[in-house]
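The lines below spell out each chain.
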Amino acid sequence: MARPVWAGNLSFGLVSLPVGLYTATDSHTIRFHQLQRGTADRIRNRRVNERTGKEVELDDIVKGYDTGGEYVLVEPKELDEIAPGRSRSLEITGFVDLAEVDPIFFDKTYYLGPRGSEYGKVYSLLEQALAKAGKAGIATFVMRQHEYLVALKAENGLLTLHTLHWADEIRDPKKELDNLPGKTKASDKELKMAEQLIEALSMKWDPGEFHDTFREKVAAMIDAKQAGEPVEKAEPAAEPTGVVDLMEALRASVERAGTPKPAVGKATASGATAAPKKPTVKKRISSAPEQDLAGLTKADLYKKAAAANVPGRSQMTRDDLLKVLASARR
């Protein structure tokens, strides 16, 4: 059982519920140590007094706010002492419709659980009421010397807490981006073709279908380096679509989305014309060792497609590569 990262009382009206906050997500990022080039020597970060050059123990470090001419020193316990409710209170200010909270405000998600089976009824009551109302409870609380604005939601039979950005943390896009086009005039044909492309690429949301391909490539690179093998480089990025060939790129994209195989001799999404399929493709693939193509990653399928000189392979999805290779082997 995981330990809560925060524990306190959730209150709405005169109802109070002891709860624990649990991390809802994990990061699977591959992490590297810092080494001195040419050696296996680790590089360590140390807390050093910049005046004396001597290392300082953690217990001897205090926080300091720079006012310009001097520092205002603050002890860690002083921050806890001024925290609202001694950092143990999560009071709901009110409830809002979920649709009113713009997605840009959402930051991190936590699970919220009752601290004791005797509080199960109160917990379940709040979860069911929120789910039926379709609303989220808005609250503030302090955790680790920081105050958070949060939204309390009912999701799949449990309560979740989503930290929100404060309003003044949201940047104004008009100030950040100086090249926004606004609503440029598009022709009726271009707009209709873009709508057809969106419809052709529409799908049901299944997060399990997506995975961190860059992490897989990093892991493959590490394995290749360890084995003394060459490292596969990524394909260059697609060229930007120009205004002149926009309509042709849209048309080709719609055609490609509607067929499992890339159209021979048709224009690709980048505006270039794909070369006709070469007759040597089937022979080259057939001579490859028999193995379960369905179990291969996209990178492996791409290698086979590259070896067989399959046209348009850099623009294909994993499923497209699988279909083309499987068809050529039959």
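Residues numbered from 1 in each chain as written. Predicted model: local features only at pLDDT ≥ 70, side-chain atom pairs only at ≥ 80, totals over all residues. Heavy atoms only, no water.

*Asks:* Please set out the pattern of salt bridges residue by residue, giving values where relevant.
*Replies:* Counted by the stated rule, this structure contains four salt bridges. E55 is the salt-bridge partner of R46, the closest N and O atoms lying 3.5 Å from each other. Across this residue pair, the class does not change: R46 and E55 are exposed. K153 is the partner of E155 in a salt bridge, and the nearest nitrogen-oxygen pair spans 3.7 Å. (Salt bridge = Lys/Arg side-chain N within 4 Å of Asp/Glu carboxyl O. Buried < 20%, exposed > 50% of the residue type's maximum accessible area, 1.4 Å probe, protein only.)

*Asks:* Give a description of a nonpolar patch on the surface that names residues and reports values.
*Replies:* A contiguous nonpolar patch, built from F32, M221, I222 and V231 and spanning about 330 Å² of accessible area, is present on the exposed surface. Structurally, M221 is set in helix α5 (residues 213-227). On the accessibility criterion, M221 (31% relative accessible area) is partly exposed. (Patch = residues over 30% accessible without salt bridge, like charges linked within 9 Å, V, L, I, M, F, W, Y side chains within 5 Å. Areas by Shrake-Rupley, 256 points an atom, 1.4 Å probe, with all protein chains shown as cover. Helix = DSSP H or I, 4+ residues; strand = E, 2+ residues; numbered from the N terminus.)

*Asks:* Give me the packing of helix α4 (residues 188-200) against helix α6 (residues 246-257): which residues, what numbers.
*Replies:* Where α4 contacts α6, the axes come no closer than 9 Å and their chain directions differ by 25°. For the element pair α4 / α6, the angle class is roughly parallel. As α4 runs across α6, the sense of the crossing is left-handed. Contacts between α4 and α6 involve K189, E190, M193, A194, Q196, L197 and A200 from the first element and L246, M247, L250, R251, S253, V254 and A257 from the second. Grouping the amino acids of the contact of α4 with α6 by side-chain chemistry returns nine nonpolar, two polar and three charged. (Axes fitted to C-alpha atoms, helices over the stretch in contact; angles between N-to-C directions. Parallel < 35°, antiparallel > 145°, perpendicular 65-115°, else oblique. Left-handed = near helix turned anticlockwise from the far one by under 90°. Contact = heavy atoms within 4.5 Å. Nonpolar A, V, L, I, M, F, W, Y, C, P; charged D, E, K, R; others polar.)

*Asks:* Tell me what's going on with unusual backbone geometry, and back it up with residues and numbers.
*Replies:* Generally, phi is negative for residues other than glycine and the peptide bonds are trans, each holding for most cases. Of note, N156 is a non-glycine position whose phi angle comes to about 55°, a positive value. Structurally, N156 is set in the loop between β8 (146-155) and β9 (158-164).

*Asks:* Provide a residue-level description of the packing of aromatic side chains, including the pertinent values.
*Replies:* Any aromatic ring pair is given by two values, namely how distant the centres are and how the planes are angled relative to each other. Applying the stated criterion across every chain yields a total of three aromatic pairs. Judged by centre distance (4.9 Å) and plane angle (70°), the ring pair of W6 and F141 falls under edge-to-face. Residue W6 is found in strand β1 (residues 6-12), and its partner F141 is found in strand β7 (residues 135-143); the two are separated by 135 residues along the sequence. Accessibility classification places W6 together with F141 in one group, the buried group. (Phe/Tyr/Trp six-rings, centres within 6.5 Å; stacked < 30°, edge-to-face > 60°.)

*Asks:* I'd like a rundown of the nonpolar core, residues and numbers included.
*Replies:* One finds L10, L21, L90, F141, L152 and L161 to be the most contacted residues of the largest nonpolar core, which totals 20 residues. For this core, the secondary structure elements donating two or more residues are β1, β2 (15-23), β5 (89-97), β6 (106-114), α2 (120-133), β7, β8 and β9. Every residue in contact with L161, bar those within four places of it in the chain, is listed here: L21, L90, K108, T109, Y110, F141, V150, A151 and L152. Among the nonpolar cores identified, the runner-up in size contains nine residues, and A305, M316, L321 and L325 belong to it. (Core = buried A, V, L, I, M, F, W, Y, C linked by side-chain atoms within 4.5 Å.)

*Asks:* Let's hear about the confidence of the model for the protein chain: which residues, and what values?
*Replies:* Taken as a whole, the protein chain shows an average pLDDT of 80; of its residues, 81% reach a score of 70 or greater. When mean pLDDT is compared element by element in the protein chain, β9 scores highest at 95, while helix α7 (residues 281-286) scores lowest at 38. (pLDDT = per-residue confidence, 0-100.)

*Asks:* Tell me about the side chain of T163, and please be specific about residues and values.
*Replies:* Note that T163 resides in strand β9. By relative accessible area, T163 is classed as buried at 3%.

*Asks:* Residues and numbers for α6, please.
*Replies:* With twelve residues, α6 extends 16 Å between its outermost C-alpha atoms, agreeing within 8% with the 16 Å of an ideal straight helix rising 1.5 Å per residue. Buried within α6 are the following residues: M247, A249, L250, A252, S253 and V254. (Expected span 1.5 Å × (residues − 1).)

*Asks:* I'd love a proper account of the pairing of β6, names of residues and values included.
*Replies:* Of the strand pairs in this sheet, β2 and β6 are connected by five bridges, and their pairing is antiparallel. Pairing of G20 across the sheet is with G113, part of β6. (Pairing = 2+ DSSP bridges.)

*Asks:* An account of the sheet that holds β8 is requested, with residue identities and associated values reported.
*Replies:* Strand order in the closed barrel made by the seven strands is β1-β2-β6-β9-β8-β7-β5, with mixed pairing throughout. Sheet twist, expressed as the mean angle between neighbouring strand axes with direction ignored, is 40°.

*Asks:* An account of the pairing of β2 is requested, with residue identities and associated values reported.
*Replies:* Here β1 runs beside β2; their pairing, made up of seven bridges, is antiparallel. Paired with G8 across the two strands is V19, which belongs to β2. Linking β1 back to β2 in an antiparallel pair, the connection comprises two residues, with G13 at a positive phi of about 65°.

*Asks:* I'd like a description of a negative patch on the surface, backed by residues and values.
*Replies:* Taken together, the side chains of E75, E78, D80 and E81 make up a negatively charged region of the molecular surface. The topology assignment puts E81 in helix α1 (residues 76-82). (Lys, Arg positive; Asp, Glu negative; His and termini not counted. Charge placed at Lys NZ, Arg CZ, Asp CG, Glu CD.)

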